Amino acid sequence: MYYRGNYVDGGDAREMGFKRQRIMDQGSSYYATPPGSSYIYNPPPPPPPPAYSYHGQPPPFPVVRLRGLPFDCSETEIADFLHGLDVIDVLLVHKGGRFTGEAYCVLGYPLQVDFALQRNRQNIGRRYVEVFRSKKEEYYKAIANDVFDSRGGSVPRGRSLDESKELAEHTGVLWLRGLPFSAIKEDVIDFFKDFELPEKSIHITATFEGRPTGEAFVEFASADDSRAAMAKDRMTIGNRYIELFPSSPEELEEAVSRGRVLEKPVDGRDPNEVTSVLRMRGLPFSAGKDDIMDFFKDFVLSEDAIHVTFLSDGRPTGEAFVEFASTDDAKSALAKDRMTLGSRYVELFPSSIEDMNYAVSRGR
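If you're wondering where the values come from, they're calculated on a predicted model, not measured in any experiment.

Engineer: Sorry, what's going on with the pattern of salt bridges here?
Structural biologist: Where charged atoms from two side chains of opposite charge come close, those side chains can pair. Counting across every chain of the model gives 10 salt bridges. Across the salt bridge formed by arginine 234 and aspartate 233, the nearest N and O atoms sit 4.0 Å from each other. Residue aspartate 233 is classed as buried on the basis of its relative accessible area, which comes to 17%. A network of salt bridges, in which partner residues are shared, links Arg65, Glu102 and Glu251.

Engineer: Sorry if this is basic, but what is going on with the nonpolar core here?
Structural biologist: One recurring pattern in soluble globular proteins is that nonpolar side chains are buried together. One finds Val64, Leu66, Leu69, Ile78, Leu82 and Leu107 to be the most contacted residues of the largest nonpolar core, which totals 21 residues. Every element with two or more residues in this core is listed here: β3 (63–67), α2 (75–81), β4 (87–95), β5 (98–107), α3 (111–117) and β7 (127–133). The biggest single contributor to this core is β5, with four residues. Residues Phe192, Ile202, Ile204 and Leu244 belong to the second largest nonpolar core, which totals 19 residues.

Engineer: Looking at this structure, I do not really get the sheet that holds strand β17 (residues 339–341). What am I missing?
Structural biologist: Strand pairing within a sheet occurs via backbone hydrogen bonds; the two strands may be parallel or antiparallel. Across the sheet, which stays open at both edges, the five strands sit in the order β15-β16-β14-β18-β17 with antiparallel pairing between neighbours. Edge positions in the sheet fall to β15 (306–310) and β17, since each has one partner strand and no second. Along the sheet, successive strands turn relative to each other by an average axial angle of 35°, direction set aside. In the sheet, β17 pairs with strand β18 (residues 344–350) via three bridges, with the strands oriented antiparallel. Bridge assignment links leucine 341 to a residue of β18, and that residue is arginine 344.

Engineer: Any chance you could explain the sheet that holds strand β8 (residues 173–177) here in plain terms?
Structural biologist: The four strands lie next to each other as β9-β10-β8-β13, forming an open sheet whose pairing is antiparallel. Because the sheet does not close on itself, it has two edges, and the strands there are β9 (202–206) and β13 (243–246). Strand-to-strand, the axes of this sheet are offset by a mean angle of 25°, without reference to chain direction. As paired elements, β8 and strand β10 (residues 212–219) share five bridges and run antiparallel to each other.

Engineer: Honestly, the side chain of glutamine 112 in this entry has me stumped. Any pointers?
Structural biologist: Mapped onto the fold, glutamine 112 is located in helix α3. Excluding its chain neighbours within four sequence positions, the residues that come into contact with glutamine 112 are Leu85, Asp86 and Leu107.

Engineer: How should I be thinking about the side chain of histidine 170 in this particular structure?
Structural biologist: Within the secondary structure, histidine 170 sits in the loop between α5 (157–167) and β8. On the accessibility criterion, histidine 170 (8% relative accessible area) is buried. A polar contact of 3.2 Å, which involves the side chain of histidine 170, links it to the side chain of serine 226.

Engineer: Explain the packing of aromatic side chains to me, please; I cannot follow it from the model alone.
Structural biologist: Each aromatic ring pair is summarised here by two numbers: the centre-to-centre distance and the angle between the ring planes. A full pass over the atoms with the stated rule returns 13 aromatic pairs. Ring centres 4.9 Å apart and planes at 80° place the aromatic pair phenylalanine 295 and phenylalanine 296 in the edge-to-face group. For the pair phenylalanine 295 and phenylalanine 296, a shared accessibility class is recorded, and that class is buried. Plain terms: the ring middles of phenylalanine 296 and phenylalanine 324 are 5.2 Å apart, the flat faces sit at 90° to each other, and that makes the pair edge-to-face. With phenylalanine 296 in the loop between α9 (289–295) and β15 and phenylalanine 324 in the loop between β16 (316–323) and α10 (327–333), the pair connects residues that are 28 residues apart, well separated along the chain. Neither phenylalanine 296 nor phenylalanine 324 differs from the other in exposure class; each is buried. Aromatic rings pair up to connect Phe191, Phe192, Phe195 and Phe220 into one cluster. Above the ring of tryptophan 175, the side-chain terminus of arginine 67 is found at 4.8 Å from the ring centroid. Residue placement shows lysine 336 over the ring face of phenylalanine 295; its charged tip is 5.0 Å from the ring centre.

Criteria and thresholds
- Residues numbered from 1 in each chain as written.
- Predicted model: local features only at pLDDT ≥ 70, side-chain atom pairs only at ≥ 80, totals over all residues.
- Heavy atoms only, no water.
- Salt bridge = Lys/Arg side-chain N within 4 Å of Asp/Glu carboxyl O.
- Buried < 20%, exposed > 50% of the residue type's maximum accessible area, 1.4 Å probe, protein only.
- Core = buried A, V, L, I, M, F, W, Y, C linked by side-chain atoms within 4.5 Å.
- Helix = DSSP H or I, 4+ residues; strand = E, 2+ residues; numbered from the N terminus.
- Pairing = 2+ DSSP bridges.
- Axes fitted to C-alpha atoms, helices over the stretch in contact; angles between N-to-C directions.
- Contact = heavy atoms within 4.5 Å.
- Polar contact = N/O pair within 3.5 Å; in protein donor to acceptor, adjacent residues only side chain to side chain.
- Phe/Tyr/Trp six-rings, centres within 6.5 Å; stacked < 30°, edge-to-face > 60°.
- Lys NZ or Arg CZ within 6 Å of the ring centre and 35° of its normal.

Set out below in structure tokens:
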């Protein structure tokens, strides 16, 4: 277990609980610095926390969730992955005594969460790691589950997981795990045939190379529908049983904005078929339409042909859609794939008017 840069023996769950309780009991200040604490890396002193103005509201708890960690990953490697940030606590998530490949990291102050999110899909060893915003309640629940697990499972592990699903807040989004790699949107629609689901509400995710992950996000009409759909947890598609987990629009947006969605609708259109629309990924967050027009300076583009996308909170996603005058122009523009804009190399992908309109309609 990692605690403010010092390693302690995690064998005694009570000791773990006492140490993390110091974090939990400090209220809006998050934590207090115990005497003699030190950090492994001894980085330069971090900048002072910014002056927040939340209009009388306490600042959000600064915690992120990491997914896709190597199964032999250590707290040291995670701290190194977040080098330059104030890593206050690292909690490795276990189920039934086994590491799940997930972890929670408490950071120095809320602004550092945004910096941590910039490490999304960077590598630890050979594996890329996903970074998500999290909540204080999720972190506390993970601590409680870890305490039970360290005590030898005084609460049955399977029951703990099922209870956490039942108690989780529903937002209308579910995360599916265990899909056959051949599954398409029609299969998911048929699995949830008791609910009205349009194709655009289903997002099958892909690896960086474009291969299906066996996972998907599904947007239901309401939180009540997603809660009712949990009755299908562990039912089968083909010969695979499917696990369902409550998720959130934020996690879905992260997946979509990072290009992890398999863009192949049920009509069988080849996602690599070039149309007059290209999707750009990896743009500097400060990039504007003028920068994109300069990037494609060999082509005639108007500002109206460029659509920079944003998250629901107004932050840029690092992506944009560009409409070219013709399919031939878009095909020629693909020659600029992985060329740089500023200090960032930009990836280009064939897209479509439908994908572009859907991204724009989602406020992205």
